[in-house]
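Summary of structural features
Residue strings, one per chain:
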Amino acid sequence: MPVPKAELHLHIEGTLEPELAFALAARNGVTLPYADTEALREAYRFSDLQSFLDLYYSLMAVLRTADDFTELADAYLARAAEQGVRHAEIFFDPQAHAVRGVPMGVVVEGLGAALDRAEERHGISTRLIMCFLRDESAESAMATLDAAKPYLDRIIGVGLDSAEVGHPPAKFREVYEEAARLGLRRVAHAGEEGPAAYIREALDVLGVERVDHGLRCLEDPNLVARLVRDRVPLTLCPLSNVRLRAIDVLEQHPLREMLSAGLVATVNSDDPAYFGGYAGDNFDAVRGALGLGEEELRTLARNSFEASFLEDDEERRERYLAEVDAYEFERS
Ligand code: HPA
Ligand SMILES: [Zn+2]
C-alpha cells in the first residue's frame, strides 16, 4: 500500500477519464468531436494552461445530471484510495456547469452523494471547495457565491482557478471578503503561470490560507521567507507542471529545494485524467525523478495532513499523521 496522504489540489472535472467521457456522452446524447478514447487521448498534448483549459471545458459537456457527477466522483475516490489517499479536499467549477444549464444544486447534490459514502466505500474523508473562474467577472463570482448559499453545509471553502495571467487575485477582493463573512476557508491558484506578485496578492488581498501551485514563489526570496515563517502550505502538482510546460522536465522540478527551504510543500494531482497520474503516481514520479529519500517522502505525506482543513476533526488528523509515522517505505 502506498504511503497515506491527503490530496488537497484536485479538480473533480479533471478526473474525467476518456472511457467515462464516452459513456456519459452516449447516455446523454452528446456527440464528442473524437472518434474514440484513443483519439481523445491523442488530444492530451498541451502547450500551456490555456490549451488544456480549452479541452477541459469542452469535455464537461458530457456532465449533465446529478448521477453523472456522482459517478465521476465515485470513480475518482476509488482510484485515489488505491493510491493511498485517506483524505481529499475536492475542487469543483460551478460556473463551468451553470453556463451549460447545469445548476449549482445538481452539481453539489451529485458530488455530495458520492462524498457521503466515500468513507464507507473507499476509506476516504472528504471536503468540497468551490472555485471561481478568474477569467470570468467578479460579478459572476459573486452571483456564484450567492447561488451556493443553500449548500454551505456541504461546501467548506472557496478557491480561484482557470486562466491566471491577466487575472490577478485582487479582482476578487469583495468576493473573498464575503466568503470570509460566510465562514468559508479561502485558497487560490497563484504562481502557476502568473508571477510571484500574484501569490503575495492572494495572501494580502484575499487572505488565503493555502496557495495552490505557488511554484513561482521561488522568484521572490522575501516571499519564500514569509511562506516559511507563516507555514503557508503550497499544493504543488508536479506532473501537471510538466504537462502544462511550467517546467521542462520533472528532473527540473524545484520540489526538493522547496522542502530544503522549509516550505510546507505538498504533492497533488490537479487534473489526473489529463496529466498522466493520480496522487500516488505524482509521489512515485517525483521520487524517481528527484531521487527523494524516505524522510522527504514522509515529510510530504505529513505536510498533506497538516495543510488539510481538518480543524473540525483534529482527532482524525492525528490518526492520519500516526499512520504516516508508522508507514514503512519499500527500499528501492
Ligand atoms: O491546473 C489548473 N490551473 C488553473 N485552473 C485549472 N482548472 C483546472 N485545472 C487547472
Ligand atoms: Zn489546479
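Residues numbered from 1 in each chain as written. Chains lettered and ligands numbered in written order. Predicted model: local features only at pLDDT ≥ 70, side-chain atom pairs only at ≥ 80, totals over all residues.

**Topic: the overall build of the chain**
Applied cut-off: A run of H or I in DSSP counts as a helix once it spans at least four residues, and a run of E counts as a strand once it spans at least two, with each numbered from the N terminus. Here the radius of gyration uses the C-alpha set of atoms, whereas the globule reference equals 2.2 Å times the residue count to the power 0.38. As a rule, residues whose C-beta atom has 12 or fewer other C-beta atoms within 10 Å are exposed, those with 20 or more are buried, and those in between are partly exposed; C-beta atoms are placed from the backbone.
From N to C terminus, the chain includes 17 helices and 8 strands. Expected size for 332 residues packed as a compact globule is a radius of gyration near 20 Å; at 19 Å, the chain falls within 12% of this value. Across its three principal directions, the C-alpha atoms of the chain cover 50 × 45 × 40 Å. Across the 332 residues that make up the chain, the buried fraction comes to 48%.

**Considerations on helix 1 (residues 18-28)**
Count 3.6 residues to each turn of an α-helix, and residues three or four apart come out pointing the same way. For the record, the criterion: It is the directions from the helix axis to the C-beta atoms whose arc is reported. With C-beta atoms placed from the backbone, a contact is any residue pair whose C-beta atoms sit within 7 Å.
Among all positions in helix 1, only Pro18, Ala21 and Leu24 are buried. Considered in projection along helix 1, the buried side chains sweep an arc of 125 degrees and stay on one side of the axis. Opposite the buried face of helix 1, at more than 90 degrees from it, the exposed residues are Glu19 and Ala26. Turning to helix 1, the residues buried within the fold contact helix 2 (37-42), helix 3 (49-59) and helix 4 (66-82). Once helix 1 finishes, Gly29 follows within two positions and takes phi at roughly 65 degrees, a positive value.

**Quick look at the packing of helix 8 (residues 138-148) against helix 9 (residues 173-181)**
The following threshold applies: Convention adopted: a line fitted to C-alpha atoms gives each axis, helices being fitted over their contacting stretch, and angles between N-to-C directions are expressed from 0 to 180 degrees. Roughly parallel means an angle under 35 degrees; roughly antiparallel, over 145; roughly perpendicular, 65 to 115; everything else is oblique. Two helices cross in a left-handed way if the nearer one is turned anticlockwise from the farther one by less than a right angle. They cross in a right-handed way if the turn is clockwise. Three classes are used, and their members are as follows: Ala, Val, Leu, Ile, Met, Phe, Trp, Tyr, Cys and Pro are nonpolar, Asp, Glu, Lys and Arg are charged, and the others, Gly among them, are polar.
Between helix 8 and helix 9, the least distance of the axes is 9 Å, while the angle of their chain directions is 15 degrees. Accordingly, the angle class assigned to the pair helix 8 and helix 9 is roughly parallel. In this structure, helix 8 crosses over helix 9, and the sense of that crossing is right-handed. From helix 8, Ala138, Ala141, Met142 and Leu145 reach across to helix 9, where they touch Glu174, Val175, Glu178 and Ala179. The class makeup of the residues in the contact of helix 8 with helix 9 is 6 nonpolar, no polar and 2 charged.

**Some thoughts on the packing of helix 4 against helix 6 (residues 104-116)**
Between helix 4 and helix 6, the least distance of the axes is 7 Å, while the angle of their chain directions is 40 degrees. As summarised for this structure, helix 4 and helix 6 are arranged oblique, according to the angle between their axes. Seen along the crossing, helix 4 lies across helix 6 with a hand that is right-handed. Touching Ala66, Asp67, Asp68, Phe69, Thr70, Ala73, Asp74 and Leu77 of helix 4 are Val106, Val107, Glu109, Gly110, Leu111, Ala113, Ala114 and Leu115, all from helix 6. Along the lines of polarity and charge, the residues of the contact of helix 4 with helix 6 split into 10 nonpolar, 2 polar and 4 charged.

**Here we look at the pairing of strand 6 (residues 210-213)**
We apply this condition: For two strands to count as paired, DSSP must find a minimum of two bridges between them. Place the viewer so that the strands point away; then a crossover is right-handed whenever the path from the first strand over the helix to the second strand goes clockwise.
The sheet contact formed by strand 5 (residues 185-190) and strand 6 spans 4 bridges and is parallel. If you follow Ala188 over to strand 6, its bridge partner there is Val211. With respect to chirality, the unit in which strand 5 leads through helix 10 (residues 196-204) into the neighbouring parallel strand 6 is right-handed. In the sheet, strand 6 pairs with strand 7 (residues 234-236) via 2 bridges, with the strands oriented parallel. By the bridge assignment, Asp212 is partnered in strand 7 with Thr235. The β-α-β motif built from strand 6, the intervening helix 11 (residues 221-229) and the parallel element strand 7 has right-handed crossover chirality.

**A few points about helix 10**
Within helix 10, burial applies to Ala196, Tyr198, Ile199, Glu201, Ala202 and Leu203. Those residues of helix 10 that are buried are in contact with strand 5, strand 6 and helix 11.

**Structural notes on the site of ligand 1**
Stated precisely, the cut-off is as follows: Near, for a residue, is defined by distance from a backbone-placed C-beta atom to a molecule or strand, with 6 Å as the limit that must not be exceeded.
Around ligand 1 lies a shell formed by His11, Gly14, Leu49, Tyr56, Asp161, Ser162, His189, Glu192, Ser240, Asp270 and Asp271. Residue composition of the shell around ligand 1, grouped by class: 2 nonpolar, 5 polar and 4 charged.

**Observations regarding the sheet that holds strand 3 (residues 125-133)**
Across the sheet, 8 strands lie side by side as 1-2-3-4-5-6-7-8; this open sheet has parallel pairing. Sheet topology places strand 1 (5-7) and strand 8 (265-267) at the edges, where each strand pairs with a single neighbour. The mean angle between the axes of side-by-side strands here comes to 25 degrees, regardless of whether they run parallel or antiparallel. Sheet contacts for helix 16 (residues 294-306): strand 1, strand 2 (85-92) and strand 8; angle to strand 8, the most-contacted strand, approximately 100 degrees.

**Regarding the confidence of the model for the chain**
Formally: Confidence scores here are pLDDT values: one per residue, from the predictor, ranging 0 to 100.
For the chain, per-residue confidence averages 98 on the pLDDT scale, and 100% of positions sit at 70 or higher. Scoring of the predicted complex yields 0.98 for pTM and 0.96 for ipTM.

**So, the environment of Arg216**
Looking at the secondary structure, you find Arg216 in the loop between strand 6 and helix 11. The exposure class of Arg216 is buried, given the 20 C-beta atoms found within 10 Å.

**Description of the environment of Val107**
The residue Val107 is located in helix 6 in this model. Each C-alpha atom, one on Val107 and one on Thr144, is 13 Å from the other, the two residues being 37 residues apart in sequence. Contact partners of Val107, with chain neighbours within four places excluded, come to Phe69, Phe92, Pro94, His97 and Val102.

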